[in-house]
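Structural characterization, general
Take a look at the letters that make up each chain.
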Amino acid sequence: MTNIEIKTRSIMDSLNNSEKKVATYFLNNIENIFSIPIARLADESGVSQVTWIRFCKAIGYDGLKDLKKSLFIELNNSAADITDTLEFSDIRKDSTLEQMCNTIKNAAIQAVDDTIKLIDPETFTKAVDIIAKANNIRIFGVGASAQVADDLYKKLMRINKNATFGYDMHTQLTYGANAGPKDVAIIFSYSGTTKEMLEILSLTQKANCPTIAITKYTKSPLVANADYSIYLSAPEIDHRSGAMSSRIAQLTIVDLLFTSLANKNYSRVEKYLERSSEVCRSHRL
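Below, the structure is looked at part by part.

Digging into the nonpolar core
Where a protein is soluble and globular, its nonpolar side chains tend to be buried together. Counting 34 residues, the largest nonpolar core has I137, I139, F188 and I214 as the members making the most contacts within it. Sorting the residues of this core by element identifies helix 8 (121-133), strand 1 (137-140), helix 9 (144-158), strand 3 (184-188), strand 4 (211-216), strand 5 (228-232), helix 13 (244-264) and helix 14 (266-281) as the ones contributing at least two each. In terms of residue count, helix 13 provides more of this core than any other element does, 7 residues in total. Ignoring any residue separated from it by four or fewer positions in sequence, one finds F188 in contact with I139, F140, G141, S145, V148, A149, L152, M197, I214, Q250 and V254.

In structure tokens:
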């Protein structure tokens, strides 16, 4: 699957009804994009040509010509890849252990693969630079995202970065209220619509603190207002599956951030990595 398809699937819920018709047609008839003019595409999908342009802009392209160019490059670059078709299913009654193993494995593989495809090198590099220079790295997240936020917090401790995180929401609000221009706020929210995280975003913005959102590719208040957004993708099939693959996708971003920060000044952080590993090693039986 190309990252254009991934973006389309990710943003589907935030599109209006007309744009959803375009997105659905696009996903089901990708081969038509190159051979059919926009007037006919509009006619076959039951919308206006303007709606097609709006759809293209919603997923990050100037228009249909720009989308075609990027799609052509992606399809050609991936033409030689041979991959198994991954099948997904949600939590079902009477599933066998083998079926459950395959479901979890496939969802995790797809989440990592799709998330890597959505990484924008320029945005990611800028985010890493800001984190590296920040006096304090203030990390936020609730629910399943809190577990991921805590993982980043503990990783940053290993390389001696000043970071804050707390599971208690009042603690997070305090960290947000006391943020400053030389700090950075990293906000985890898969949906980008979590009320608590939007409140945190408002607090940090009032303090002129740079904000980095770790969220899915969609039109959300978090994406619209954060300074930088690092996108992830996860094949959540139904609400019953909870945050299984989205957690894996978020952890992929965490590992990328941590590795990038460590690589950025490895000669300085190497001693911290060795020291933290050594002090914990003595506690193993």
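Here we look at helix 4 (residues 38-45)
Of the residues making up helix 4, those classed as buried are L41, A42 and S45. End-on, the buried residues of helix 4 take up no more than an arc of 100 degrees, which puts them together on one face. Where the residues of helix 4 are buried, they touch helix 2 (17-28), helix 3 (32-35), helix 5 (49-58) and helix 6 (64-77). Of the residues one or two after helix 4, G46 is the one with positive phi, at around 75 degrees.

Overview of the packing of aromatic side chains
Two aromatic rings are characterised by how far apart their centres lie and by the angle between their planes. All told, the structure shown has 6 aromatic pairs when counted by the stated rule. Look at F26 and F55: their rings are 5.7 Å apart centre to centre, the planes differ by 55 degrees, and that puts the pair in the tilted class. Highlighted residues: F26 in helix 2 and F55 in helix 5, separated in sequence by 29 residues. Residues F26 and F55 agree in their burial class; the two are buried. When the ring of F165 is compared with that of Y167, the centres are 5.2 Å apart and the planes differ by 75 degrees; the resulting orientation is edge-to-face. Using a relative accessible area of 8% as the deciding quantity, one classes F165 as buried. These aromatic residues form a ring-pair network of at least three members: Y25, F26, W52 and F55.

What to know about the sheet that holds strand 5
In space, the 5 strands of this open sheet follow the order 2-1-3-4-5, with parallel pairing throughout. Two strands close off the open sheet at either side, each with one partner strand: strand 2 (163-164) and strand 5. Summarising the sheet, strand 3 and strand 4 pair through 4 bridges and their orientation is parallel. Bridge pairing in strand 4 places I187 opposite A213. On the sheet, helix 8 packs against strand 1, strand 3, strand 4 and strand 5 and is oriented at approximately 120 degrees with respect to strand 5. With respect to the sheet, helix 9 is in contact with strand 1, strand 2 and strand 3, its orientation differing from that of strand 1 by roughly 155 degrees.

Re the environment of E74
One can find E74 in helix 6. Along the backbone, E74 and N225 are 151 residues apart, and their C-alpha atoms lie at a distance of 29 Å. The contacts of E74, once residues within four sequence positions are left out, are T2, N3 and I4. One polar contact links the side chain of E74 to the main-chain amide nitrogen of N3, over a distance of 2.7 Å.

So, how was this worked out
- Numbering of residues begins from 1 in every chain and follows the order in which that chain's sequence is written.
- Per-residue local features are limited, in this predicted model, to residues with pLDDT of at least 70; the limit for side-chain atom pairs, both in listing and counting, is 80 or more; totals at the level of whole chains, interfaces and linings are taken over all residues.
- To get the side-chain values, all heavy atoms of the structure are used, and hydrogens and water are removed first.
- Put simply, buried Ala, Val, Leu, Ile, Met, Phe, Trp, Tyr and Cys residues joined by side-chain atoms within 4.5 Å make one nonpolar core.
- The buried label goes to any residue with under 20% of its type's maximum accessible area, the exposed label to any with over 50%, and the partly exposed label to all in between, with areas taken from a 1.4 Å probe on protein chains only.
- Working definition: helices are DSSP H or I runs of at least four residues, strands are E runs of at least two. Numbering for both runs from the N terminus.
- The contact criterion used is simple: two residues touch if any of their non-hydrogen atoms lie within 4.5 Å.
- Taken from the helix axis, the directions to the C-beta atoms give the arc we talk about.
- Only centres within 6.5 Å qualify two rings of Phe, Tyr or Trp (six-membered ring in Trp) as a pair; their planes then separate them into stacked at under 30 degrees, edge-to-face at over 60, and tilted for everything else.
- DSSP calls a pair of strands paired once it identifies at least 2 bridges connecting them.
- Interaxial angles span 0 to 180 degrees and are taken between N-to-C directions of axes, which are lines fitted to C-alpha atoms, for helices over the stretch in contact.
- Polar contact is defined as a pair of N or O atoms within 3.5 Å, subject to the rule that within protein one atom must be able to donate a hydrogen and the other to accept it, and that residues adjacent in sequence are counted only when both atoms are side-chain atoms.

The values reported here are purely geometric and, on their own, carry no functional implication.
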